[in-house]
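Listed below, chain by chain, are the residues.
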Amino acid sequence: PTVTSPCKILKCNSEFWAATSGSHHLGTEEVPEFCTALRTYAHCTRRTARTCRGDLAYHSAVHGIDDLMEQHNCSKDGPTSQPRLRTLPPGDSQERSDSPEICHYEKSFHKHSATPNYTHCGLFGDPHLRTFTDTFQTCKVQGAWPLIDNNYLNVQVTNTPVLPGSTATATSKLTIIFKSFQECVDQKVYQAEMDELPAAFVDGSKNGGDKHGANSLKITEKVSGQHIEIQAKYIGTTIVVRQVGRYLTFAVRMPEEVVNAVEDRDSQGLYLCLRGCPLNQQIDFQTIRSAQATEGRARRKGPSLPPSPEAFTYETATAKCKEKLPVEDLYFQSCVFDLLTTGDVNFMLAAYYAFEDVKMLHSNKDKLHLYERTRDLAPGNVAPSGALPALWVVLLCLSHCWLCLL
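The structure displayed is predicted, hence computed values, not measured ones. Per chain, residue numbering runs from 1 following the sequence as it is written. Two thresholds apply to this predicted model, a pLDDT of at least 70 for residue-level local features and 80 or more for giving and counting side-chain atom pairs, whereas whole-chain, interface and lining totals are computed over all residues. The basis for the side-chain values is all heavy atoms of the structure; hydrogens and waters are excluded.

**A short note on the overall build of the protein chain**
Here is step 1: The helix and strand labels rest on DSSP assignments: H or I over at least four residues marks a helix, E over at least two residues marks a strand, and numbering proceeds from the N terminus. Looking only at helices and strands, the protein chain features 11 helices and 12 strands.
Here is step 2: By the convention used here, residues are in contact when the closest approach between their heavy atoms is within 4.5 Å. When contacts within the protein chain are restricted to residue pairs at least 6 apart in sequence, long-range pairs at least 24 apart make up 63% of them.

Spelled out as structure tokens, the structure:
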């Protein structure tokens, strides 16, 4: 079983937002109800304090509660029931039509220049990575890894094994930090994990805070508990986070100018969306397929390896993936790979939704489908000239010898 964090701060955040939805412009008569919801929120954080001691989201929530109590003159003593506050009419809540121009990327950054070039990055499944340069990789990357880190935001994912003892991993936790930006937004943290896909930031808000252009950062819940979208208009960025089955998928559309806005260019190679996975973390489909065939033979000879939750053959996995992904591109191949590796049919849906997100977010419709697997050999991942062809010849010969022996 996958280990999950005992810290339940996301649940506290979600409950507070549910209780105060649409209440950011409360009238005087509703302040007591808001204070009641705040006290309930504080009580929830105290219950999970011991298990959340080292959690950034927990400490952010605690400080946020103190600030809100002070702003609304709330007493820490009083009732802690959680009434549902009225929702303001559509278009009235958090909408600010007078946001400064600097908080709209296309109006500010590109006022006197060409239309920005948008790029896409996505992570899904076991996990499969499509970088900003349209390189497609399958990686191990177990544990915490940075996806994006630039002057405006940080994105980090945590990948955990799908099955005990398996090399197959999937994304179980996602943290996004939007850095404070001029008069547009305060720093905001979004955090999701398995079975917790909040429709709010960790402080319970759904926009960029109290600044004049706060509405240039906004969370929208598309499907409760399954699909959220974050619009960061001040940097021209759209982020889509989904929970498919038990695991998370991530997709982003971001201007090239924002992608490359970093102070330390030497460390860019560490960020997966920009340079891809390190070479020693990349997995080749064909190598794994041979290993799966060998594993199948070993399983027939004895019970040394645990069976998959659902047994897929190459033929049944192919047929299953064709239901949602009729084009045999890399998304289709990823689907087949994941079904063979994990036996979990939800990975087919993860590949399907990842491609749906590409169709929505990628600016070049001619590059939606990818057919050729590539390994990124950017600086820091460079192989010696001539080394790869020679290595592949050796591996090919060894694989034929191994199959003859079997």
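Next comes the rest of the description.
**Observations regarding the state of the cysteines**
Here is step 1: Put simply, a disulfide is two cysteine sulfurs that come within 2.5 Å. A complete count under the given rule lists 7 disulfides for this structure.
Here is step 2: C139 shares a disulfide with C277; S-S distance 2.1 Å. Its S-S torsion of approximately 95° makes the covalent link between C139 and C277 right-handed. Linking C139 in strand β3 (residues 136–139) with C277 in the loop between α6 (272–275) and β12 (282–283), this pair joins segments that are 138 residues apart in sequence. We note that C139, like C277, is buried.
Here is step 3: There is a disulfide in this structure between C321 and C335, and the S-S distance comes to 1.9 Å. Torsion about the S-S bond of the C321 and C335 cystine: about -90°, corresponding to left-handed handedness. Taken together, the residues C321 in helix α8 (residues 314–324) and C335 in helix α9 (residues 330–342) connect sequence positions 14 residues apart. C335 shares its class with C321; the two are buried. Only protein chains enter the area calculation, which uses a 1.4 Å probe; residues under 20% of their type maximum are buried, those over 50% are exposed, and those in between are partly exposed.

**What about the sheet that holds β3?**
Strands belonging to one sheet form pairs held by backbone hydrogen bonds; the direction of such a pair is parallel or antiparallel.
Here is step 1: Read across the open sheet, the 8 strands follow the order β8-β9-β10-β11-β1-β2-β3-β12; overall the sheet is antiparallel. Both edges of this open sheet fall to β8 (217–223) and β12, since each of them pairs with a single strand only.
Here is step 2: In this scheme, strands are said to pair when DSSP sees at least two bridges between them. The pairing of strand β10 (residues 237–244) with strand β11 (residues 247–255) spans 7 bridges and is antiparallel. Its bridge partner being in β11, V241 is matched across the sheet by F250.
Here is step 3: Across the sheet, helix α10 (residues 346–361) touches β1 (118–124), β2 (128–130), β9 (227–232), β10 and β11, and the angle it forms with β10 is around 165°. Lines fitted to C-alpha atoms define the axes, with helix axes restricted to the stretch in contact, and inter-axis angles between N-to-C directions lie between 0 and 180 degrees.

**Here's the deal with the sheet that holds strand β6 (residues 169–178)**
Here is step 1: Across the sheet, which stays open at both edges, the 4 strands sit in the order β4-β5-β6-β7 with antiparallel pairing between neighbours. The open sheet has two edge strands, β4 (143–149) and β7 (188–193), and neither has a second partner. Neighbouring strand axes in the sheet, compared pairwise and without regard to direction, differ in orientation by 20° on average.

**Quick look at the packing of aromatic side chains**
Here is step 1: Only the six-membered ring of Trp is used, alongside the rings of Phe and Tyr, when aromatic pairs are assigned; centres must lie within 6.5 Å, and planes under 30 degrees apart are stacked while those over 60 apart are edge-to-face, with the rest tilted. With the rule as written, the count across this model stands at 11 aromatic pairs.
Here is step 2: Seen in terms of ring centroids, F178 and F201 are 6.0 Å apart; in terms of plane orientation they differ by 80°. Their pairing is edge-to-face. Separated by 23 residues along the polypeptide, F178 in strand β6 and F201 in the loop between β7 and β8 bring together distant segments of the chain.
Here is step 3: F178 sits in the buried class, given a relative accessible area of 0%.
Here is step 4: The exposure class of F201 is buried, given its relative accessible area of 1%.
Here is step 5: Taken together, the ring pairs connect F124, F136, Y331 and F355 into an aromatic cluster.
Here is step 6: Sitting over a ring, as applied to charges here, requires NZ of Lys or CZ of Arg to be within 6 Å of the ring centre and within 35 degrees of the ring normal. Just above the ring of Y352 sits the side chain of K324; from NZ or CZ to the centre is 4.6 Å.

**As for the nonpolar core**
Here is step 1: To form a nonpolar core, buried Ala, Val, Leu, Ile, Met, Phe, Trp, Tyr and Cys residues must be joined to one another through side-chain atoms within 4.5 Å. L147, I148, L153, I176, F178, Y234 and F250 are the most contacted members of the largest nonpolar core, which totals 46 residues.
Here is step 2: Looking at this core, the element that brings in the most residues is β11, giving 4 residues.
Here is step 3: Residues within four places of L153 in sequence aside, it is in contact with I148, I176, I177, F178, K179, I235, I239 and M254.

**Details of helix α1 (residues 9–20)**
Here is step 1: Between its first and last C-alpha atoms α1 spans 17 Å; for 12 residues at 1.5 Å apiece the expected length is 16 Å, and the two agree.
Here is step 2: Considered for burial, the residues of α1 that qualify are I9, L10, C12, N13, F16, W17, A19 and T20. Expected span of a helix: the number of residues minus one, times 1.5 Å.

**A short note on the pattern of salt bridges**
Here is step 1: Salt bridges are defined as contacts in which a side-chain nitrogen from Lys or Arg sits within 4 Å of a carboxyl oxygen from Asp or Glu. The tally for this structure, following the rule as stated, stands at 9 salt bridges.
Here is step 2: In this structure, D186 engages K211 in a salt bridge whose closest nitrogen and oxygen atoms are separated by 4.0 Å. On the criterion of sequence distance, the pair formed by D186 in the loop between β6 and β7 and K211 in the loop between β7 and β8 is long-range, its members being 25 residues apart.
Here is step 3: Judged by relative accessible area, which is 22%, K211 ranks as partly exposed.
Here is step 4: When the shortest N-O distance is used, the salt bridge between D203 and K188 registers 2.6 Å. Of this pair, D203 sits in the loop between β7 and β8 while K188 sits in strand β7; the two residues are 15 residues apart in sequence, bridging distant segments of the chain.
Here is step 5: Under the relative-accessibility criterion, K188 is labelled buried at 6%.
Here is step 6: Several salt bridges share partner residues, and in doing so they unite R130, D134 and K367 into one network.

**Comments concerning the side chain of T169**
Here is step 1: Assignment of secondary structure puts T169 in strand β6.
Here is step 2: Counting of polar contacts relies on pairs of N or O atoms within 3.5 Å, with two restrictions inside protein: one atom must be capable of donating a hydrogen and the other of accepting it, and residues adjacent in sequence are counted only when both atoms are side-chain atoms. Polar contacts involving the side chain of T169 include one to the main-chain carbonyl oxygen of K140, which spans 2.9 Å.

**Here's the deal with the pairing of β8**
A regular strand places its side chains on the two faces of the sheet in alternate fashion.
Here is step 1: Note that β8 and β9 share 6 bridges and pair antiparallel. Its bridge partner lying in β9, V223 is registered against H227.
Here is step 2: Counting the residues between successive antiparallel strands, the hairpin from β8 to β9 contains 3 residues, one of them, G225, with a positive phi of roughly 75°.

From the geometry alone we can't say anything about function, so treat these as descriptive.
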